[in-house]
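A structural walkthrough
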Amino acid sequence: GQQVMQIPQYQHVQEGEDFTTYCNSSTTLSNIQWYKQRPGGHPVFLIQLVKSGEVKKQKRLTFQFGEAKKNSSLHITATQTTDVGTYFCAGREAGGSYIPTFGRGTSLIVHP
Amino acid sequence: EPEVTQTPSHQVTQMGQEVILRCVPISNHLYFYWYRQILGQKVEFLVSFYNNEISEKSEIFDDQFSVERPDGSNFTLKIRSTKLEDSAMYFCASSETGASQPQHFGDGTRLSIL
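Residues numbered from 1 in each chain as written. Chains lettered and ligands numbered in written order. Predicted model: local features only at pLDDT ≥ 70, side-chain atom pairs only at ≥ 80, totals over all residues.

**Regarding the overall build of chain A**
Helix and strand counts for chain A come out as zero helices and eleven strands. For chain A, the α and β elements follow one another from N to C terminus as β-β-β-β-β-β-β-β-β-β-β. For chain A, the spread of C-alpha atoms along the principal axes amounts to about 45 × 25 × 20 Å. Within the span of chain A, comprising 112 residues, buried residues form 38% of the whole. Considering only contacts within chain A whose residues lie at least 6 apart along the sequence, 58% involve residues at least 24 apart. (Helix = DSSP H or I, 4+ residues; strand = E, 2+ residues; numbered from the N terminus. Buried ≥ 20, exposed ≤ 12 C-beta atoms within 10 Å, placed from the backbone. Contact = placed C-beta atoms within 7 Å.)

Below, the structure written as structure tokens:
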């Protein structure tokens, strides 16, 4: 079955440093979603990417979808303590289930 | 902004008992979901529900589990004969149309099986 892998599992950064998490699927995706889960909270939808090579920005967050639609990345510029949380990608397999498969997530810890 | 609400926030139950977790999806949403997240692990899909029936379910969602929409607003997950390994956070989510649309998650119910 489809597997969605995320690396790294944890990332410690100093406030102001950049952060990137990578998501890789074993199969081609029709779309990919990104969610953020604060400690003790629930996943909150951030963005959805659909097109090959698509790049979207939300303030300091940049999301990319690979040309082959099998990988994606989330980059945060100049992290702040409010960025702390776990970032999950969730990919929907092309031609497969309508339900996206979540990656394990990358937990971001920002040190002031 | 409309929210998905879940009750209770924490449920403690003896092993072997049945539990019912409740959710009120966002009112104009048509698709509903249950997910499970064991502490520190990823979000795992259990089941999706549309038009008063299950549309998809995962391997986790076996005969121990059932879902119901008993009225126009509530969406419930029943877990029978609970086991220790059922201890997890259970999230309800809803989306306006299909699962390719953003899913809105509730705050979750923390289920602790003793």
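**Quick word on the sheet that holds strand E8 (residues 75-79) of chain B**
Residues and elements named next belong to chain B. Taken together, the four strands give an open sheet; going across it, the order is E1-E3-E8-E7, and neighbouring strands pair in antiparallel fashion. With partners counted over all chains shown, the strands left at the sheet margins are strand E1 (5-7) and strand E7 (65-68), one partner each. Sheet twist, expressed as the average angle between the axes of neighbouring strands with direction ignored, equals 20°. For strand E3 (residues 19-24) and E8, the ladder comprises five bridges, and the chain directions are antiparallel. Residue pairing across strands places Arg22 opposite Thr76, the latter belonging to E8. (Pairing = 2+ DSSP bridges. Axes fitted to C-alpha atoms, helices over the stretch in contact; angles between N-to-C directions.)

**Notes on the pairing of E7 of chain B**
All names here are of chain B. Across four bridges, E7 lies against E8 in antiparallel orientation. What sits directly across from Ser66, in E8, is Lys78. The hairpin formed by E7 and E8 contains six residues between the paired strands.

**Comments concerning the interface of chain B and chain A**
Contacts between chain B and chain A engage 16 residues on the former and 16 residues on the latter. Contributions of two or more residues to the side of chain B that touches chain A are made by strand E5 (44-50) and strand E10 (104-105) of chain B. Grouping the constituent residues of the side of chain B that touches chain A by class yields six nonpolar, seven polar and three charged. (Nonpolar A, V, L, I, M, F, W, Y, C, P; charged D, E, K, R; others polar.)

**Here we look at the nonpolar core**
Of all hydrophobic cores here, the largest spans 44 residues; its most connected members are Tyr33, Trp34, Tyr35 and Cys92 of chain B. The element best represented in this core is strand E4 (residues 31-37) of chain B, accounting for five residues. (Core = buried A, V, L, I, M, F, W, Y, C linked by C-beta atoms within 7 Å.)

**Re the environment of Phe65 of chain B**
All names here are of chain B. Here Phe65 lies in strand E7. Classification of Phe65 as partly exposed rests on a count of 18 C-beta atoms within 10 Å. Separated by 19 residues in sequence, Phe65 and Leu84 have C-alpha atoms that sit 15 Å apart. Excluding its chain neighbours within four sequence positions, the residues that come into contact with Phe65 are Leu46, Leu77, Lys78 and Ile79.

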